[in-house]
Amino acid sequence: MKKIIIAAAMASLLAGTSCSKPEAPKAEEFDYVVDHFADIEVLRYKVPDFENLTLNQKILVYYLTEAALWGRDILWDQNNSNNLAMRQLLEAVYTNYNGDKTDADYKAFETYIKQVWFGNGIHHHYSTDKFTPAFSRDFLNAQIAALPEGAAPANTDELVEVIFNPALDAKRVNQDATVDLIATSANNMYAPGVTQAEVEAYYNSIRKPNDLTPISYGLNTRVERGADGKIVENPYKIGGLYSSAIEKIVENLDSASHYAENDAQRQIIGSLIDFYRTGDLATFDKYSIEWAEDTLSQVDFINGFIETYGDPLGMTGSWESIVNFKNIPASERTETLSAEAQWFEDNSPVDKAFKKDKVKGVSAKVITAAILAGDSYPATPIGINLPNANWIRAAHGSKSVTIENITQAYDEASHGNGFNEEFVIDEPTIKLLDDYLFITDNLHTDLHECLGHGSGRLMPGKEDALKEHGSAIEEARADLFALYYLADPKLIEMGLLDNPEAYKAEYYKYILNGMMTQLQRIEPGKDVEEAHMRNRKLIAEWAYEHGKDANVIELVKRDGKTFIQINDYEALRGLFGQLLAEIQRIRSTGDYAAANELINTYAVKIDPELHREVLDRYAKLDIAPYKGFVNPVYTAVRDENGKITDVTVDYTEGYIDQMLRYGRQYNGLK
Ligand code: ZN
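1. Here we look at empty space enclosed by the protein
- For the coordinates displayed, the defined rule picks out nine cavities of 30 Å³ or more.
- Within this model, the second largest cavity holds a volume of roughly 160 Å³.
- Considering the residues around the second largest cavity, the lining is formed by 16 residues, among which Phe284, Ser288, Ile306, Pro387 and Asn388 are closest to the centre.
- For the lining of the second largest cavity, the secondary structure elements donating two or more residues are helix H11 (281–293) and strand E5 (299–305).
- The greatest single-element share of the lining of the second largest cavity, amounting to five residues, is contributed by H11.

2. Brief notes about the confidence of the model for the protein
- The share of residues in the protein with pLDDT of 70 or more is 95%, and the mean pLDDT across the chain is 92.
- Residue range residues 1–28 is modelled with pLDDT below 50. Its contacts to residues more than four positions away, or to other chains, number 116 contacts.

3. Focus: the packing of aromatic side chains
- In the structure shown here, the tally under the stated rule is 41 aromatic pairs.
- When the centroid spacing of 5.3 Å and the interplanar angle of 80° are considered together, the rings of Trp70 and Tyr666 count as edge-to-face. Here the residue Trp70 occupies a position in the loop between helix H2 (55–69) and helix H3 (72–79), and Tyr666 occupies one in the segment after helix H25 (655–665), the gap between them amounting to 596 residues.
- When its relative accessible area of 13% is taken as the criterion, Trp70 is described as buried.
- Between Phe275 and Phe284, the ring centres sit 5.0 Å apart and the planes meet at 50°, which makes this aromatic pair tilted.

4. Points about the nonpolar core
- In this structure, Trp117, Phe135, Leu140, Leu253, Tyr276, Ile406 and Tyr655 are the most contacted members of the largest nonpolar core, which totals 130 residues.
- Of the residues forming this core, the biggest block, nine residues, is contributed by H2.
- Among all residues touching Phe135, those that are not within four sequence positions of it are Asp105, Ala108, Phe109, Tyr112, Leu140, Ile163 and Phe164.
- By size, the runner-up hydrophobic cluster in this structure holds 79 residues, among which are Phe423, Leu437, Phe576 and Ile599.

5. Overview of the coordination of the zinc ion
- Binding of the zinc ion to the protein goes through His448 (NE2), His453 (NE2) and Glu475 (OE), at separations of 2.1 to 2.2 Å.
- Of note, the donors binding the zinc ion are all from one chain and are spaced H-x4-H-x21-E. With His448 in helix H17 (residues 427–452) and Glu475 in helix H18 (residues 470–486), this pair connects stretches of sequence that are 27 residues apart. Each of the two residues, His448 as well as Glu475, counts as buried.

Thresholds, definitions, all that
- Residues numbered from 1 in each chain as written.
- Predicted model: local features only at pLDDT ≥ 70, side-chain atom pairs only at ≥ 80, totals over all residues.
- Heavy atoms only, no water.
- 1 Å grid on protein atoms, 1.4 Å probe; cavity = no way out; pocket = protein on both sides within 12 Å on 5 of 7 lines; lining within 4 Å.
- Points joined across faces, edges and corners; volume = space filled by probe spheres on them.
- Helix = DSSP H or I, 4+ residues; strand = E, 2+ residues; numbered from the N terminus.
- pLDDT = per-residue confidence, 0-100.
- Contact = heavy atoms within 4.5 Å.
- Phe/Tyr/Trp six-rings, centres within 6.5 Å; stacked < 30°, edge-to-face > 60°.
- Buried < 20%, exposed > 50% of the residue type's maximum accessible area, 1.4 Å probe, protein only.
- Core = buried A, V, L, I, M, F, W, Y, C linked by side-chain atoms within 4.5 Å.
- Donors = N, O, S within 2.8 Å, 3.2 Å for Na, K, Ca; no water.

Structure (structure tokens):
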């Protein structure tokens, strides 16, 4: 799998902390929590300082947010071929229902449609398992029978069968490498009947040997079988797949380009439009290079087929967009780190052969998200590090961002939820977390994104050598880099921390999360599958095992409950350094066997007893394991000639209203 990413699940670290941030607004001034259902909590986020942007910047943001929202249905269709029709059916039932709203079947149906909205389809956004309905088939059939003429899609019977038959489309992305990954994954990036072996053979046949600047094969295509039975790629582009939605995206990008902050940004938007018109991946690389090199514009965005987690083979990008602008005061922190990138590279515990002689252009900033869309909505990353192509990163640098208005919303929403009291071993440790977790967590994200992913050197031809373990190993590399340096006196010297003990807050929380609390996201009996979760379990369990003789990390039992006690933080840092060196070696040399061994020993299997305990303790707290967001609503204020004179932001739209409105307003594939 490709390079990466997004530190998607730090939310679980942040959820459950009560941190002090002096300038943080009081929770009661702004209602962060919007909705709560199943395992999900929906929050809203603020867009501080939007009103201080220039009118041109506001209009630019406005058109970019429109371009973002128009891609929504592309993602829904990529996730599963039934998703759009399914949404039409579910929304028709939901909006036409006029029975008893306290009825158990109705309430279960409402939960189900909320889950489907959140998952951008019928599968859970994180586990990728299909949702299980808790309402009866008879209930749904009765509602469908009562729908007005034409409200339900033509294949309604099939859709009902998909909802109720657990064997159909059971998992969106299957990662169990013992079976055909394509045949057993329910996503729509491959046509039915296409096999994994055929697809791999196809890509091997078109890859140029020794290509130093490879295009991102398959990034924007659905793989199908041609009339002659051979494998072909059907590109997402104007005139190709998803044309009507892409046309709306391009129309708004074009409007945005008239308000670009500078020529470089106008060029970037132009290149992206060219890519959407041609589907040419070399043009996408051109765009990515221009984008990586633009560090001057305050407003920025990603828009396109970017991350490949939705494809079990890690080839095809799921459509997403985030529009944002730089948080100038907060960016001083990441700029300070970036300026020292070479020092961090030179002083890491990694073998010299796997280090970069010259770390290029690690550009880091703190941003304010203005809109989340496609695969970044409603669940969203808190950091981004792009572009993904390794050769572009090496030659042209990459951009790394921390989305602080999102981390702030997580933090604000989690005050007083009882997490620390339940899971943290003692009062002094709770105090440590209160004082230092927010800052060390943000610094961890900065180090992970700005320096971790950008560090290290890959031996030629090893890009995809770790196959299905590539993402987890890459995340482990970036996390270990961050953990190792969080405890370095350098951060105090640089003025980023004011206490040499501060790092212990993040260390404690990391081990607690990796060994215990993240298991809350997993159903009993299941394995850990998601890359970031595997990475965290790998690091925590490995450190526990390798520190056993010296009793570095101890599992303390008290009243039948398990607590993490860290006896030697310095030794723990040493262990992180040791594992970093090994993980970097694995990544640099493409040592699949070693990656496979590490992952299978430490990252996948869960002790069922500890798992049960964590789930029980969590259940008492009523904290949702997953969180996501509704977007603010931007409105262009126009004068009598239609000219935009201002753009306003409103935060009051609720979850259901937003989902129904997006469905009506941005149905680009209809
Ligand atoms: Zn990452």
